[in-house]
Amino acid sequence: MNDQHMNDTSQKVQALILTGFGINCEEEYAAAYRLAGAEATIVHLNQVLHGHVSIHDYDILNFPGGFSFGDDLGSGVVLANKLRYRKNAEGRTLLDDIKEFVANGKFVMGICNGFQVLVKLGLLPNLSGNVTPEVTLTHNASGRYEDRWVRLKVNPKSNSPFLRGLDTMEVPVRHGEGRLIISGTDTLTHIEEQALNCLSYTDFDGSPTDVYPHNPNGADLNCAGLTDTTGQVFGLMPHPEAFLSLYNHPDWARRKRLNPGLSEEGDGLRLFRNIVEHVQSQRQTAVSPQEASQFSS
Ligand SMILES: NC(=O)CC[C@H](N)C(=O)O
């Protein structure tokens, strides 16, 4: 696939979803993109590392949830190191490619274990631009694996197209190491100033909270998700791909009875629709090489 192909507005938005090594949420992730109108391709990470698949043929690169490398050395650490240090035949790492991918204006998303990978790699929050780890995700304050539904509030100041127009959502979490730790007041201040803490855990009234179990892990800033400064890289601990249909929600029957007109779409789907529509609109406004040459002549 070449650039001309990627600018073709009739071509579906292409989402690449990585799997392998203990990742286990790739099918739901693909379902989310397909429901949002994109084409989703699930590929084993080795296919990319060995050069059989190029991330540059896609619009959105996705790291799903799961237990990559059995969470050995800390969730996401081994996979992040593989991306940073494993070199291909040309001496390039996948991180080199991802940096180029982002510099080309494309999008990266990580859910749960995928978010942990992006944080351990330093792609989030990446305040310095040097892709070195600045914050971490570690064991939940409860000391337990947390498997429950949570409520989230979107930071209205976030610049990320993933979150545009969204305010609150309900989604499940299922993780052991979701507690975001931001050490250093400078880092914390910069994250808050630039609204990179794009999602907060809230109570039933929608107020951000550190109270368990509304906040399932004790994260600093009650933070459930981060973006980088461009808004193109986005990760979150909860699983929006697990709430694509109203019928995924444990309380759907009562809610539907009380409100028969209730949408049958799950809250999580809105996030995928957002990014797919954003890429489509970017293509529509992109100037084709032919148009550009007309302007310059
Ligand atoms: N669902 C997940 O992706 C879990 C992530 C990681 N294995 C943890 O337990 O924290």
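Scroll up for the structure.
Computed from a prediction, not measured in an experiment: that's the story for all the values here.

Here is what the cut-offs are and how they apply
- Residues numbered from 1 in each chain as written.
- Predicted model: local features only at pLDDT ≥ 70, side-chain atom pairs only at ≥ 80, totals over all residues.
- Heavy atoms only, no water.
- 1 Å grid on protein atoms, 1.4 Å probe; cavity = no way out; pocket = protein on both sides within 12 Å on 5 of 7 lines; lining within 4 Å.
- Points joined across faces, edges and corners; volume = space filled by probe spheres on them.
- Helix = DSSP H or I, 4+ residues; strand = E, 2+ residues; numbered from the N terminus.
- Nonpolar A, V, L, I, M, F, W, Y, C, P; charged D, E, K, R; others polar.
- Buried < 20%, exposed > 50% of the residue type's maximum accessible area, 1.4 Å probe, protein only.
- Pairing = 2+ DSSP bridges.
- Expected span 1.5 Å × (residues − 1).
- Near = heavy atom within 4 Å.
- Polar contact = N/O pair within 3.5 Å; in protein donor to acceptor, adjacent residues only side chain to side chain.
- Areas by Shrake-Rupley, 256 points an atom, 1.4 Å probe, with all protein chains shown as cover.
- Salt bridge = Lys/Arg side-chain N within 4 Å of Asp/Glu carboxyl O.

*Asks:* Can you break down the layout of surface pockets residue by residue, with the values?
*Replies:* If you add up the space inside the second largest pocket, you get close to 190 Å³. Looking at the lining of the second largest pocket, the elements that each hand over two or more residues are helix H3 (45-49) and helix H5 (94-103). Considered class by class, the residues forming the lining of the second largest pocket number five nonpolar, six polar and three charged.

*Asks:* I'd like a rundown of the pairing of strand E7 (residues 168-175), residues and numbers included.
*Replies:* By the criterion of burial, E7 is predominantly enclosed, with six of the eight residues buried. Pairing analysis gives eight bridges linking strand E6 (residues 146-154) to E7, with the strands arranged antiparallel. Paired with Trp149 across the strands is Pro172, a residue of E7.

*Asks:* Which residues make up helix H9 (residues 267-285), and what values do they have?
*Replies:* Given a rise of 1.5 Å per residue, 19 residues ought to cover 27 Å, and the 28 Å separating the end C-alpha atoms of H9 matches this to within 8%. Taken residue by residue, H9 has Gly268, Leu269, Leu271, Phe272, Asn274, Ile275, Val276, His278, Val279 and Arg283 as its buried positions.

*Asks:* Could you give me a rundown of the site of the ligand, with the residues and numbers involved?
*Replies:* Gly66, Asp71, Cys112, Arg174 and Gly176 are the nearest of the 14 residues found near the ligand. Taking Asp71, its side chain carries an N or O atom lying 2.7 Å from a nitrogen atom of the ligand. A total of 300 Å² of accessible area belongs to the ligand in isolation, and the protein chains cover 98% of it. Residue assignment for the shell around the ligand shows that the elements contributing at least two residues are helix H6 (113-121) and E7. In terms of residue class, the shell around the ligand is made up of three nonpolar, eight polar and three charged.

*Asks:* Run through the pattern of salt bridges, naming residues and quoting values.
*Replies:* Tallied over the entire structure, the rule returns 13 salt bridges. Residue Arg92 is joined to Asp97 by a salt bridge in which the shortest nitrogen-to-oxygen separation is 2.9 Å. For Arg92, a relative accessible area of 29% corresponds to the partly exposed category. Its salt-bridge partner being Asp251, residue Arg254 comes within 2.8 Å of it at the nearest N-O pair.

These results come straight from atomic positions and should not be treated as a statement about function.
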